[in-house]
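So the chains spell out like this:
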Amino acid sequence: MKTFTGFGFGPIQSALFLFEAYQSGHFSRYVAAEVDPALVQAVRRNGGAYTINIARKDRIDQVTVKGVELYNPREAADRGKILSAVADADELATALPSVNFYDSGDPASAAQMLAEGLLLRKTHKATVVYAAENHNQAAEILTEKLARHAPPAVLRNVQILNTVIGKMSGVITEPDVMHRMRLAPMTPSTPR
């Protein structure tokens, strides 16, 4: 089976990319890198599960995604697990606040970790990376940043694609709105 690895764990990653990978049935492992330590701990305490709310024409459905490994790239032990997941990944997605987060000079930046993980591969298998930073040239920017950290041979079979998200989602944190709309929290200890 395949591994899906994501960078960022906001609404686009958690409720679109990871959710779709989970629903597809084509992956056996779901990994995401997230710098918010409270969110990482909440998903871990919930056994690697989180819930999303899907708006339908006549109702809101709650779906729980299970088996997610959420790691903080700023933690040394977690960083190694992310690099290993990148090395194993068949598909990846970046869903960060901005393309400026690709290569901030921090060893935990997405471009540096992607490059290091790809360098760990035993073979250069075909891999797709979806770039979802709400920028028309996100894929080109990420490609340029990756090239600073990995030789061309490592990136030869890596295809980075721009994405267009037709309907953006949001984060609701107000308890009265959540109650009125009958929304489930992401995890029991995450009031969003």
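Nothing here was measured: the structure is a model prediction, and the numbers come from that model.

K.L.:
Just to check I follow, could you spell out the nonpolar core for this structure?
P.N.:
One finds Phe-7, Tyr-102, Leu-142 and Ile-160 to be the most contacted residues of the largest nonpolar core, which totals 32 residues. Those elements that place two or more of their residues in this core are strand 2 (27-33), helix 3 (76-88), helix 4 (110-119), strand 7 (127-131), helix 5 (138-147), helix 6 (152-155) and strand 8 (158-162). No other element matches helix 4, which puts six residues into this core. Core analysis: the second largest hydrophobic core is formed by 24 residues, Ala-32, Leu-70, Ala-93 and Ala-95 among them.

K.L.:
Sorry, what's going on with the layout of surface pockets here?
P.N.:
Using a probe with the size of a water molecule, rolled over the atoms, empty space left in the structure can be pinpointed. There is about 610 Å³ of room inside the second largest pocket. The greatest single-element share of the lining of the second largest pocket, amounting to three residues, is contributed by helix 1 (residues 11-24). Counted by class, the lining of the second largest pocket contains 17 nonpolar, ten polar and four charged residues.

K.L.:
What's the story with unusual backbone geometry in this structure? I'm lost.
P.N.:
Negative phi is the rule for most residues except glycine; trans is the rule for most peptide bonds. A positive phi is found at Asn-134, a non-glycine position, where the angle reads about 55°. Its location among the elements puts Asn-134 in the loop between strand 7 and helix 5. Unusually for a residue other than glycine, Arg-182 sits at a positive phi of about 55°. Following the sequence through the fold, Arg-182 ends up in the segment after helix 7 (175-180). Using a relative accessible area of 70% as the deciding quantity, one classes Arg-182 as exposed.

K.L.:
Just to check I follow, could you spell out the environment of Ala-110 for this structure?
P.N.:
Counting through the fold element by element, Ala-110 comes out in helix 4. Along the backbone, Ala-110 and Pro-73 are 37 residues apart, and their C-alpha atoms lie at a distance of 9.1 Å. Residue contacts for Ala-110: discarding those within four places in its chain leaves Phe-7, Leu-96, Phe-101 and Tyr-102.

K.L.:
Where do I start with the environment of Asn-162 in this structure?
P.N.:
Turning to its location among the elements, Asn-162 is positioned in strand 8. Within polar-contact distance, the side chain of Asn-162 engages the side chain of Glu-140 at 3.0 Å.

K.L.:
When you look at the packing of helix 3 against helix 4 in this model, what are you seeing that I'm missing?
P.N.:
In helix packing, the relevant descriptors are the interaxial angle and the interaxial distance, both defined with respect to the helix axes. Running from N to C, helix 3 and helix 4 cross one another at 60°; their axes reach a closest spacing of 7 Å. Between helix 3 and helix 4, the interaxial angle falls into the category oblique. Classified by chirality, the crossing of helix 4 by helix 3 is right-handed. Contacts between helix 3 and helix 4 involve Arg-79, Ile-82, Leu-83, Val-86 and Ala-87 from the former and Gln-112, Met-113, Leu-114, Glu-116, Gly-117 and Leu-118 from the latter. Looking at side-chain class alone, the contact of helix 3 with helix 4 contains seven nonpolar, two polar and two charged residues.

K.L.:
Looking at this structure, how should I read the packing of aromatic side chains?
P.N.:
In total, this model carries four aromatic pairs according to the counting rule given. Ring plane angle 80° and centroid distance 4.9 Å describe the contact between Phe-9 and Tyr-50, whose orientation is recorded as edge-to-face. Placement of Phe-9 in the loop between strand 1 (2-7) and helix 1 and of Tyr-50 in strand 3 (residues 50-55) is noted, with a sequence separation of 41 residues between them. Aromatic pair Phe-17 and Tyr-130: ring centres 5.8 Å apart, planes at 20°, arrangement stacked. Of this pair, Phe-17 sits in helix 1 while Tyr-130 sits in strand 7, and the two are 113 residues apart along the sequence.

About the cut-offs
- Residues numbered from 1 in each chain as written.
- Predicted model: local features only at pLDDT ≥ 70, side-chain atom pairs only at ≥ 80, totals over all residues.
- Heavy atoms only, no water.
- Core = buried A, V, L, I, M, F, W, Y, C linked by side-chain atoms within 4.5 Å.
- Buried < 20%, exposed > 50% of the residue type's maximum accessible area, 1.4 Å probe, protein only.
- Helix = DSSP H or I, 4+ residues; strand = E, 2+ residues; numbered from the N terminus.
- 1 Å grid on protein atoms, 1.4 Å probe; cavity = no way out; pocket = protein on both sides within 12 Å on 5 of 7 lines; lining within 4 Å.
- Points joined across faces, edges and corners; volume = space filled by probe spheres on them.
- Nonpolar A, V, L, I, M, F, W, Y, C, P; charged D, E, K, R; others polar.
- Contact = heavy atoms within 4.5 Å.
- Polar contact = N/O pair within 3.5 Å; in protein donor to acceptor, adjacent residues only side chain to side chain.
- Axes fitted to C-alpha atoms, helices over the stretch in contact; angles between N-to-C directions.
- Parallel < 35°, antiparallel > 145°, perpendicular 65-115°, else oblique.
- Left-handed = near helix turned anticlockwise from the far one by under 90°.
- Phe/Tyr/Trp six-rings, centres within 6.5 Å; stacked < 30°, edge-to-face > 60°.

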